[in-house]
Amino acid sequence: STVVVATKNAGKAREFAAMFAKDGITVKSLLDFPELESVAETGTTFEENARLKADGYARQLELPVLADDSGLQVDALGGQPGVFSARYAGDGHNDAANNAKLLSELSEVPAEARTANFHTTLVFAKPNHPEQDLVVDGDVLGRIVGIPRGDNGFGYDPFFEVEGTDQTLAEMTADEKNAVSHRGNAMRQLEQLWRDWYSN
Ligand code: ITT
């Protein structure tokens, strides 16, 4: 079977594909449906934006879809970039520019005060039944390092060292990242909801 993940981010799509592949499920992303009208992320919370994407694309596709809204929350920056993580350095979503801005904002902050967390809210929506949306969250704690490490993953991964390890998310294999990440933690909760659903 197939699950549609309502994302244009190839890094996210790759992670979902790897997680669903373990259950024999194929993932399609919005990159497979270029004709759809883009849903604007006008919300002020991860949940609002994830609901907008899930409901908006489920309605257009007339299929159930899973949406992911995620971001990096840095304590010394009052939780920024947060829901603005994709647009931190301006519209257009440029990972290199976002990472450069993150480092410059933290230039006066000592290493021990660079604590952060990554957050994901996942929403699973069926077409035209927003009241039945399944909503789960996932987090991972860590800190922002001054020099990027690792070539795996995407986005802010080379700068995010996972608490309790000496590795950034970009130094982990895909399986290692999924075992500890915000997205992996949220997916494990969603799988539990799906199991409860089908056994009732
Ligand atoms: P979609 O909305 O199409 O899913 P997006 O990249 O715009 O794609 P978000 O609005 O959720 O997604 O923005 C998330 C931002 O956080 C974006 O800059 C990502 O690169 C970054 N991000 C999300 N998950 C990440 C992860 O696991 N590792 C590193 N960066 C991540």
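Residues numbered from 1 in each chain as written. Predicted model: local features only at pLDDT ≥ 70, side-chain atom pairs only at ≥ 80, totals over all residues.

**Remarks on helix H2 (residues 46-61)**
Counted at 1.5 Å a residue, the expected span for H2 with its 16 residues is 22 Å, and the 22 Å between its end C-alpha atoms agrees. Buried residues of H2: Phe46, Asn49, Ala50, Arg51, Leu52, Lys53, Ala54, Asp55, Gly56, Tyr57 and Ala58, and no others. If you follow the buried residues of H2, they end up packed against strand S3 (65-74) and strand S4 (115-125). Positive backbone phi, approximately 55°, marks Glu62, located one or two places after H2. (Helix = DSSP H or I, 4+ residues; strand = E, 2+ residues; numbered from the N terminus. Expected span 1.5 Å × (residues − 1). Buried ≥ 20, exposed ≤ 12 C-beta atoms within 10 Å, placed from the backbone. Contact = placed C-beta atoms within 7 Å.)

**Quick word on the pairing of strand S2 (residues 26-29)**
Of the two faces of S2, the one lined by Val27 and Ser29 is fully buried and the one lined by Thr26 and Lys28 carries no buried residue. Here four bridges tie strand S1 (residues 2-5) to S2, and the two strands are oriented parallel to one another. Residue Val5 lies in a different strand from S2, and its bridge partner there is Ser29. Between the parallel elements S1 and S2, the chain passes through helix H1 (residues 10-21) in a crossover that is right-handed. (Pairing = 2+ DSSP bridges. Right-handed = clockwise from strand over helix to strand, strands pointing away.)

**Quick look at the site of the ligand**
Neighbouring the ligand are 22 residues; Thr7, Asn9, Ser85, Ala86 and Gly155 lie closest to it. Listed by contribution, the elements that provide at least two residues to the shell around the ligand are S3 and helix H3 (95-105). With four residues, the single largest contributor to the shell around the ligand is S3. Residues of the shell around the ligand, tallied by class, amount to four nonpolar, ten polar and eight charged. (Near = placed C-beta within 6 Å. Nonpolar A, V, L, I, M, F, W, Y, C, P; charged D, E, K, R; others polar.)

**Here we look at the sheet that holds strand S6 (residues 160-162)**
Pairing within the open sheet is mixed, and its six strands lie in the order S2-S1-S3-S4-S5-S6. Each edge of the sheet is formed by a strand with only one pairing partner; in this case those strands are S2 and S6. Averaged over all pairs of adjacent strands, the angle between their axes in this sheet comes to 40°, without regard to strand direction. Sheet topology note: the strand S5 (residues 134-144)/S6 ladder contains three bridges and is antiparallel. Directly across from Ile144, in S6, lies its bridge partner Phe160. Taken strand by strand, H1 contacts S1, S2 and S3, and its axis lies near 160° from that of S2. (Axes fitted to C-alpha atoms, helices over the stretch in contact; angles between N-to-C directions.)

**A closer look at the pairing of S1**
Across two bridges, the pairing between S1 and S3 is parallel. Looking at S3, one finds that Val4 is bridged to Val65.

**Concerning H1**
Spanning twelve residues, H1 covers 16 Å between terminal C-alpha atoms, matching the ideal 16 Å at 1.5 Å per step. When H1 is considered as a whole, its buried residues turn out to be Lys12, Glu15, Phe16 and Met19. Angular distribution of buried residues about the axis of H1 spans 95°; they occupy a single face of the element. Away from the buried face of H1 by more than 90 degrees, exposed residues Ala10 and Ala21 are located. Along its buried surface, H1 packs onto S1, S2, S3, helix H4 (174-180) and helix H5 (182-198). (Arc of directions from axis to C-beta.)

**Details of the environment of Gly150**
Its location among the elements puts Gly150 in the loop between S5 and S6. In this structure the C-alpha to C-alpha distance between Gly150 and Thr173, which are 23 residues apart in sequence, comes to 9.9 Å. Excluding anything up to four places from it in sequence, Gly150 contacts Asp157, Pro158, Thr168, Ala170 and Glu171.

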